[in-house]
Every structure is written in structure tokens, then in C-alpha cells.
Amino acid sequence: MTKPPLTLFLAAPRGFCAGVDRAIKIVEMALEKWGAPVYVRHEIVHNKFVVDGLRDKGAVFVEELEDCPVDRPVIFSAHGVPKSVPSEAEQRHMVYVDATCPLVSKVHIEAQRHFDNGLQMIMIGHAGHPETIGTMGQLPEGEVVLVETPQDVATVAVRDPDRLAYVTQTTLSIDDTADIVAALRARFPTIVGPHKEDICYATTNRQEAVKAMAGQCDAMLVVGAPNSSNSRRLVEVGAKAGCSYSQLVQRAENIDWRALEGIESVGITAGASAPEVLVNEVIEAFRARYEVTVETVQTAVENVEFKVPRVLRAPA
């Protein structure tokens, strides 16, 4: 039987960013240096395939520092942690490695600088997300207030409307964040913003590639995990940019083939914590059912690389 033709549009850039690459490398190098087990507080990145692979190599994932023995190294996830976590690790004389993405650390430094200048912080982010918890935990209780929507801005209670600054989670939708920033500036005209946009280069680039692709696709699949903020934003960006069917899939086995009946083109991208092997798995699943033509939609070239902490580069 002849397979129907299908055009696959592949977003570029897609998948792993430099911060995720570095975090995974940190766990692998820690296992090489200290042997198994190495403990990791929270998922190192939001991807089950990656986490399971590291677990197979000897990483033990825990929710809190108290779940770690004091005589084994512990790694903090790429999303960042509140200041209380490394402080507790030092009190317990633990060896720890901080895998926080340097672009998240930049936001932490910004927040501290504004606090030192006597400003209260407003954080644009998602409640309960590890990155939001980590950033808010850089400053004393009450010094950071969270807003998630433009509607939140209207009711947010602050100490002094003329002594404010804002930071954002690095994995948000660029367009949605712009609406919240506009609402903040309208209500608090003197609010201080970051020198450079907090939303990271990788989030921005992946969203721009999706926008460029969306108009050409009958459907769009984002390879990523349901707890990955940047992956979920890509689904939303695809839908807003005109792709009527925009869905998140963790693996090829999650594709809803009935929903794709009769289509002629599909856009494929991947969140910043999704490995390319899963993208290839999805492409092969389409090749099994369709006569596939692949076209790359490239909107940026990434060559960012972050060094791993010095402790891992030194001999044991």
C-alpha cells in the first residue's frame, strides 16, 4: 500500500540548550569523579528520558536535602535553589555541586543587587515552578512577590510603589511576559527592569522558530515533558501563531494518530530539556506511516557553551 505524502517541518534551534547540556554533564562528571551513588536534589532537568538515563548510571534523585546522606556528593538542579539549600549543605559539611543554569544565576544576582539597593522585587513566573521557588528564595521572606498574569498586577500588594524592580522566570512566553511587563509599567511607572531581558536566549530562539513554522503546518508537535515550562510555552506559542493543532508529546508512543488523519504537514520542535534522540524517534514514527519529506526552518544559530564548575575539572 502506498504511504500518503507528508512534509515535516523541523524547527531549528530545538532541544537541548547550553544550560541543560551543562547540567547533564555535571551529573555525568560527578559520577566519574566520585563514583555512584551521586545524589541530585530534584530532577536535574525536566525530562523523564534524561532523568531515567542518569538514574541508570548511578544518580539518585531526591526531593529534599534531608533525603541525602552527608557522605555522598549532592547536585542542585539546573532550575536553581533557594539560598537556604547550599547553606544547609554547608552546615552538614556536604560536598555539593550547583548545576544552576548561569542564565538563572544571572537573575539571582539581579534580584540580590536590587534588594541591596532597597528595592522590593516583583517576580513574573509560575507559582510552584522550581525556578520561581529558587529565585524567590534568594531574598528574605516578603521581599519578592509573584505575579503570573496582567490581572495579578492590578491587585498585587507592595510596600512602596516607587521602590520596585522586576525579574522574570527564564522560560516564559515572550509575548505573554511583554503584556505583564506593560501592566507593571502602567501601574508602577518607576519600576526598574533588568538590563537585559531575563527570558533566556534558548527560550526566545525556540519560540521564534515555532512562530516562523506555525503558518506552514497543519499540526505541530512539541517533544518535551509535561512539567517543562519552556516546552508547554512552545505549545501555546504554536497555537497562537496559527497552528490549530499544537500538542506536547513525551515520546513517539504519545502521538495521537487519529487527530492527525488527513494532514499534509507537521511541524516538530523540542523543549530545551528534550534530547535529539526523542525527536528522531518521532520522525521515524512518521516515516513508518507516511512518505516523509523533511524541511528545516532555521531562525537562529546557537553556539553558547557554559563551563562546568571548577570542582569537577580538578582531579579527585
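Located above this text is the structure these notes cover.
Residues numbered from 1 in each chain as written. Predicted model: local features only at pLDDT ≥ 70, side-chain atom pairs only at ≥ 80, totals over all residues. Heavy atoms only, no water.

A. The arrangement of the packing of helix H8 (residues 201-214) against helix H9 (residues 229-240) in detail. It is the contact of H8 with H9, at a shortest axis distance of 9 Å, that shows an interaxial angle of 25°. Between H8 and H9, the crossing angle belongs to the class labelled roughly parallel. You can see that H8 and H9 cross each other, and the crossing is right-handed. Within the contact between the two elements, H8 uses Thr 203, Arg 206, Gln 207, Val 210, Lys 211 and Ala 214 and H9 uses Asn 230, Arg 233, Leu 234, Val 237 and Gly 238. Split by residue class, the contact of H8 with H9 holds 4 nonpolar, 4 polar and 3 charged. (Axes fitted to C-alpha atoms, helices over the stretch in contact; angles between N-to-C directions. Helix = DSSP H or I, 4+ residues; strand = E, 2+ residues; numbered from the N terminus. Parallel < 35°, antiparallel > 145°, perpendicular 65-115°, else oblique. Left-handed = near helix turned anticlockwise from the far one by under 90°. Contact = heavy atoms within 4.5 Å. Nonpolar A, V, L, I, M, F, W, Y, C, P; charged D, E, K, R; others polar.)

B. Fine view of the sheet that holds strand E2 (residues 38-41). Overall, parallel pairing links the 4 strands, which are arranged E3-E2-E4-E5 in an open sheet. Of all the strands in the sheet, just strand E3 (59-62) and strand E5 (96-98) have a single pairing partner and so form its edges. Here the strands of the sheet are splayed against their neighbours by 25° on average, with no regard to which way each runs. Where E2 lies against E3, 4 bridges are found, and the strand directions are parallel. Bridge pairing in E3 places Val 40 opposite Phe 61. (Pairing = 2+ DSSP bridges.)

C. Broad picture of the environment of Leu 146. Note on placement: Leu 146 falls in strand E7 (residues 144-147). Given a relative accessible area of 25%, Leu 146 falls into the partly exposed group. For the pair Leu 146 and Thr 168, spaced 22 residues apart in the sequence, the C-alpha separation amounts to 9.5 Å. With near-sequence residues (within four places) excluded, Leu 146 lies in contact with Met 123, Ile 124, Gly 125, His 126, Ala 127, Thr 132 and Met 136. (Buried < 20%, exposed > 50% of the residue type's maximum accessible area, 1.4 Å probe, protein only.)

D. Structural view of the sheet that holds strand E12 (residues 291-298). With parallel pairing, 5 strands are arranged side by side in an open sheet as E10-E9-E11-E1-E12. Of all strands in the sheet, those bounded by a partner on one side alone are strand E10 (245-249) and E12. Adjacent strand axes in the sheet meet at a mean angle of 25° when their direction is disregarded. Packed on one face of the sheet, H8 meets strand E1 (5-12), strand E9 (219-223), strand E11 (265-270) and E12 and runs near 150° to E1.

Note that every value here comes from positions in space, so none of it alone points to a role or purpose.
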